[in-house]
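Read off the chains here:
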Amino acid sequence: MQQQPIYILGIESSCDDTSAAVLCNNKVLANVVASQEVHRRFGGVVPELASRSHQANIIPVIHEALNKAKITKKMLNAIAFTRGPGLLGSLLVGTSFAKGLSESLQVPLLDVHHMQAHILAHFIENSNELNNMPSTPAFPFICLTVSGGHTQLVKVNSPYSFEILGETLDDAAGEAFDKAAKMLGLPYPGGPMIDKFAKAGNPTAFEFPHPQIHNLDFSFSGLKTSILYFLQKRQKENPTFVKENLHDLCASIQYTIVRVLIDKLEKASKLTKIRDIALAGGVSANSGLRQAVVSAGKKNQWHVFIPKLEYCTDNAAMIAMAGYFKYLKRDFASFDVAASARIDMDISNSAQ
Ligand code: KG4
Ligand code: ZN
């Protein structure tokens, strides 16, 4: 890493978290996240409400980040922002703000791919949960990136080169958690709720089918349907079935999703002979997945890298980190860069 201090402001607004962070090279000086509670009563993110909340939150969140970092905006060397993928209206708020700020401060603009940023969070100083030596994965490594919108196995060749080995054909792992939680009557976002109730449950109490996909792709829509039919049948026999078995249901659903993810991760490691393995994205906050990857790591002699919880779910520190890598290559965005709801890892990569 270059030694000269480079201050980067990161702005994240791809979904329902407004976040701003200040990094000095790869060190976090501030990482502020405002989560939007407004969606809870609707049981999912309402795009229009998300954009409005970003507009209300973005200035206070950036102010707080600069204050916490104890720097003035004049000290910033560049502004990094999430260009996509995500909700277009939400992305537009961060993109427009980043453009305005970079223009007024006359500093470069760095456009960041949200999913690459989840992965590159591993290069933030002290970002890993396990006290590994070395503390960052060596290239090439495999990252299982699991969030509300994505489930991908990525071969990371460098901070600038990402190859997708497999991805979901339908629902993402986070969606599987959230939809299962909804069927159990748990509030949104359901992933953390399933995790919480699973802790006191038996993971083998109920058995759900595993998808039969033979390459490195995933599919979670069949699991969703089988949970739905299973619950309908059991509730017909006993209307309080869910309430009586909530812990075991959560533990069994979590166990099934985690097994699917770990099986594919093991397969990818065997095929590529890569043993530096990382987790990224919101679902990597799941305690069952974290424990399972550590056990698989022991069994398969992997170096395992798991981000601290604050770097699993959406945060702007990862955006500033990904921006810093671009800054080092002087890979700046032009002023006419547009937010994009869908961007391929590879397309975003080919510009670099
Ligand atoms: O990465 P993220 O914050 O946002 C996206 O880019 O999608 O991921 C959000 C997803 C949601 O589906 C949420 O339920 C899931 O991550 N999630 C969890 C846990 N914490 C967050 N899923 C399972 N267990 C958790 N502890
Ligand atoms: Zn995310």
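Source: prediction; values computed, not measured.

Caption draft 1: Representation of the packing of helix H7 (residues 241-272) against helix H8 (residues 287-300). Interaxial distance between H7 and H8 falls to 10 Å at its minimum, and their mutual angle equals 35°. Like other packed secondary-structure pairs, H7 and H8 cross with a definite hand, here right-handed. Contacts between H7 and H8 involve Gln254, Val258, Leu261, Ile262, Leu265 and Glu266 on the former and, on the latter, Gly288, Leu289, Ala292, Val293, Ala296, Lys299 and Asn300. Split by residue class, the contact of H7 with H8 holds eight nonpolar, three polar and two charged.

Caption draft 2: A look at the sheet that holds strand S10 (residues 303-305). Here five strands make up an open sheet; going across it, the order is S8-S7-S6-S9-S10 and the pairing mixed. Single-partner strands in this sheet number two, and they are strand S8 (161-167) and S10. Taken over all neighbouring pairs, the strand axes of this sheet differ in orientation by 25° on average, direction set aside. Sheet topology note: the strand S7 (residues 151-158)/S8 ladder contains six bridges and is antiparallel. Residue Ser158 lies in a different strand from S8, and its bridge partner there is Ser161. Strands strand S6 (141-146), strand S9 (276-280) and S10 of the sheet are contacted by H8, whose axis makes an angle of about 175° with S9.

Caption draft 3: Examining the environment of Leu29 more closely. Looking at the secondary structure, you find Leu29 in strand S3 (residues 27-35). Sequence spacing of Leu29 and Val294 is 265 residues, and the spatial spacing of their C-alpha atoms is 29 Å. Discounting chain neighbours no more than four positions away, the residues touching Leu29 are Tyr7, Val22, Leu23, Cys24, Lys68, Ala69 and Ile71.

Caption draft 4: Representation of the pattern of salt bridges within the structure. Scanning the entire structure with this criterion turns up 15 salt bridges. For Asp171, the salt bridge identified is with Lys224, shortest N-O distance 3.0 Å. Of this pair, Asp171 sits in the loop between S8 and helix H4 (173-183) while Lys224 sits in helix H6 (residues 221-237), placing them 53 residues apart in sequence. With a relative accessible area of 25%, Lys224 lands in the partly exposed category. Each of Asp171, Glu175, Lys179 and Lys224 takes part in a single network of salt bridges with overlapping partners.

Caption draft 5: Quick peek at the coordination of the zinc ion (ligand 2). For the zinc ion (ligand 2), every protein donor is listed as His114 (NE2), His118 (NE2) and Asp314 (OD), and the spread of their distances is 2.0 to 2.1 Å. Spacing between the donor residues of the zinc ion (ligand 2) along the chain follows H-x3-H-x195-D. Separated by 200 residues along the polypeptide, His114 in helix H3 (residues 114-120) and Asp314 in the loop between S10 and helix H9 (316-328) bring together distant segments of the chain. Given a relative accessible area of 5%, His114 falls into the buried group.

Caption draft 6: Geometry of the confidence of the model for the chain. Mean pLDDT over the chain works out to 94, with 97% of the residues at or above the 70 mark. Within the model, pLDDT remains below 50 along residues 347-352, and this stretch shows 13 contacts once partners closer than five positions in the same chain are excluded.

The rules we used
- As a convention, each chain's residues are numbered from 1 in the sequence order in which they are written.
- Written order determines the labels here, with chains lettered from A and ligands numbered from 1.
- Local features in this predicted model are restricted to residues whose pLDDT is 70 or higher, and side-chain atom pairs enter the listing and the counts only when it is 80 or higher, whereas totals over whole chains, interfaces and linings include all residues.
- Where side-chain values are given, they derive from all heavy atoms of the structure, hydrogens and water being excluded.
- Simply put, an axis is a line fit to the C-alpha atoms, just over the touching stretch for a helix, and the angle between two N-to-C directions goes from 0 to 180 degrees.
- Strands are runs of DSSP state E lasting at least two residues, helices are runs of H or I lasting at least four, and both sets are numbered from the N terminus onward.
- Should the near helix be turned anticlockwise from the far one by less than a right angle, the crossing is termed left-handed; should it be turned clockwise, right-handed.
- Throughout, a residue-residue contact means that at least one pair of heavy atoms, one from each residue, lies within 4.5 Å.
- Residues are grouped as follows: Ala, Val, Leu, Ile, Met, Phe, Trp, Tyr, Cys and Pro are nonpolar; Asp, Glu, Lys and Arg are charged; all remaining types, including Gly, are polar.
- By this definition, two strands are paired if DSSP reports at least two bridges between them.
- Take a side-chain nitrogen of Lys or Arg and a carboxyl oxygen of Asp or Glu: if they are within 4 Å of each other, that pair is a salt bridge.
- Exposure categories follow from relative accessible area, calculated using a 1.4 Å probe and restricted to protein chains: below 20% of the type maximum is buried, above 50% is exposed, and the middle band is partly exposed.
- Coordination here is defined by N, O and S atoms within 2.8 Å of the metal (3.2 Å for Na, K and Ca), and since water is not considered, a site can look incomplete.
- One confidence number per residue, pLDDT, is output by the predictor and ranges from 0 to 100.

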